[in-house]
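Next come the chains, spelled out residue by residue.
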Amino acid sequence: MEANMQRGVVLFLLLLASAPQAGGQRRRPRPRNNLSGGAELPCSLEVAFILDSSESAKGVLFENEKSFVVNISSSLSAMRVAGWALRVRLAALQYSSTVSMDHRFSAWRGLHAFQGVVRGMAYIGHGTYSSYAISN
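Everything numeric in this text was worked out from a predicted model, so none of it was measured.

Q: Honestly, the packing of aromatic side chains in this entry has me stumped. Any pointers?
A: Both the distance between ring centres and the angle between the ring planes are used here to describe each pair of aromatic rings. One pass over the structure, following the stated rule, counts three aromatic pairs. Considering the side-chain rings of Phe49 and Phe114, the 6.3 Å spacing of their centres and the 35° angle between planes classify their relative orientation as tilted. Note that Phe49 is positioned in strand S1 (residues 41-52) and Phe114 in helix H3 (residues 111-119), a separation of 65 residues in sequence. Neither Phe49 nor Phe114 differs from the other in exposure class; each is buried. On the numbers, 5.7 Å between centres and 50° between planes, the contact of Phe62 with Tyr123 is tilted. Remark: Tyr123 occurs in the loop between H3 and helix H4 (130-135) and Phe62 occurs in helix H2 (residues 59-78); sequence separation between them is 61 residues. One aromatic cluster in this structure is built from Phe49, Trp108 and Phe114.

Quick look at the structure:
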């Protein structure tokens, strides 16, 4: 079961990395980053983690999900890209018979605060209502 979860996460990350850039509002083109110029351009990175807190993710699996989020959030925060100033913000929610927004992007106060919220997430343990969680 854990191997399937790991394969799913790897597949998700590969799909995310290979997905074409989404088009949004049109903005004036900025000059390309000149790495030799010394100034770093800002780049926002926002990632939301969705944790399964239903009956199918019994206590140990839910703890593994939380550990995964803590480990990946550390890696994301430590990530450096030459010529870019990354501004990372993270969010986390969990679902079961209800949806719980445990940490919103607007509540971002730093990595340690986020990880403390994730570590403190309580297992809901009710039925799995994926369609309800997605629609809400």
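Q: Explain H3 to me, please; I cannot follow it from the model alone.
A: When H3 is considered as a whole, its buried residues turn out to be Leu111, Phe114, Gln115 and Val118. For H3, the arc enclosing every buried residue in end-on projection is 95°, short of the 170-degree limit, so these residues lie on one face. Tucked inside the fold, the buried residues of H3 contact S1, H2, strand S2 (84-95) and strand S3 (99-103).

Q: Is there a simple way to think about the nonpolar core in this case?
A: Side chains that are nonpolar tend, in soluble globular proteins, to be buried together. Among the nonpolar cores identified, the biggest contains 14 residues, and Phe49, Leu51, Val69, Leu90, Phe114 and Val118 are the most heavily contacted of them. When residues of this core are traced back to their parent elements, those giving at least two are S1, H2, S2 and H3. Residue contributions to this core peak at four residues, all from H2. Residue contacts for Phe49: discarding those within four places in its chain leaves Val69, Ile72, Leu76, Leu90, Ala91, Ala92, Leu93 and Phe114.

Q: Even after reading the chapter, I still don't get H2, so can you show me in this structure?
A: An α-helical turn contains 3.6 residues, so a residue and the one three or four places further along point in the same direction. Taking 1.5 Å of rise per residue, 20 residues should cover 28 Å, and H2 covers 29 Å from first to last C-alpha, within 8% of that figure. Looking at H2, one finds that the buried residues are Leu61, Phe62, Glu65, Lys66, Val69, Val70, Ser73 and Leu76.

Q: Can you walk me through the pairing of S1 in this structure?
A: Two faces belong to every sheet, and in a regular strand the side chains alternate between them. Where S1 meets S2, twelve bridges bridge the pair, whose relative direction is parallel. Looking at the pairing, Cys43 lines up with Leu86 of S2. Each parallel crossover has a hand, and for S1 linked through H2 to S2 it is right-handed.

Q: Explain the pattern of salt bridges to me, please; I cannot follow it from the model alone.
A: Side chains that carry opposite charge are capable of pairing whenever their charged atoms lie near each other. The final tally for this structure, using the stated rule, is two salt bridges. Measuring nitrogen to oxygen at the nearest pair gives 2.4 Å for the salt bridge that ties Glu46 to Arg89. One end of the pair, Glu46, is in strand S1; the other, Arg89, is in strand S2, with 43 residues separating them in the sequence. When the shortest N-O distance is used, the salt bridge between Lys66 and Glu63 registers 3.2 Å. Placement of both Lys66 and Glu63 in helix H2 is noted, with a separation of three residues, approximately one turn of the helix.

Q: Even after reading the chapter, I still don't get the side chain of Glu65, so can you show me in this structure?
A: On the secondary structure map, Glu65 appears in helix H2. Despite being buried, Glu65 has no salt bridge partner; Lys66 is the closest side chain of opposite charge, sitting 9.9 Å away. A polar contact of 2.7 Å, which involves the side chain of Glu65, links it to the backbone nitrogen of Asp52.

Rules and cut-offs
- Residues numbered from 1 in each chain as written.
- Predicted model: local features only at pLDDT ≥ 70, side-chain atom pairs only at ≥ 80, totals over all residues.
- Heavy atoms only, no water.
- Phe/Tyr/Trp six-rings, centres within 6.5 Å; stacked < 30°, edge-to-face > 60°.
- Helix = DSSP H or I, 4+ residues; strand = E, 2+ residues; numbered from the N terminus.
- Buried < 20%, exposed > 50% of the residue type's maximum accessible area, 1.4 Å probe, protein only.
- Arc of directions from axis to C-beta.
- Contact = heavy atoms within 4.5 Å.
- Core = buried A, V, L, I, M, F, W, Y, C linked by side-chain atoms within 4.5 Å.
- Expected span 1.5 Å × (residues − 1).
- Pairing = 2+ DSSP bridges.
- Right-handed = clockwise from strand over helix to strand, strands pointing away.
- Salt bridge = Lys/Arg side-chain N within 4 Å of Asp/Glu carboxyl O.
- Lys, Arg positive; Asp, Glu negative; His and termini not counted.
- Polar contact = N/O pair within 3.5 Å; in protein donor to acceptor, adjacent residues only side chain to side chain.

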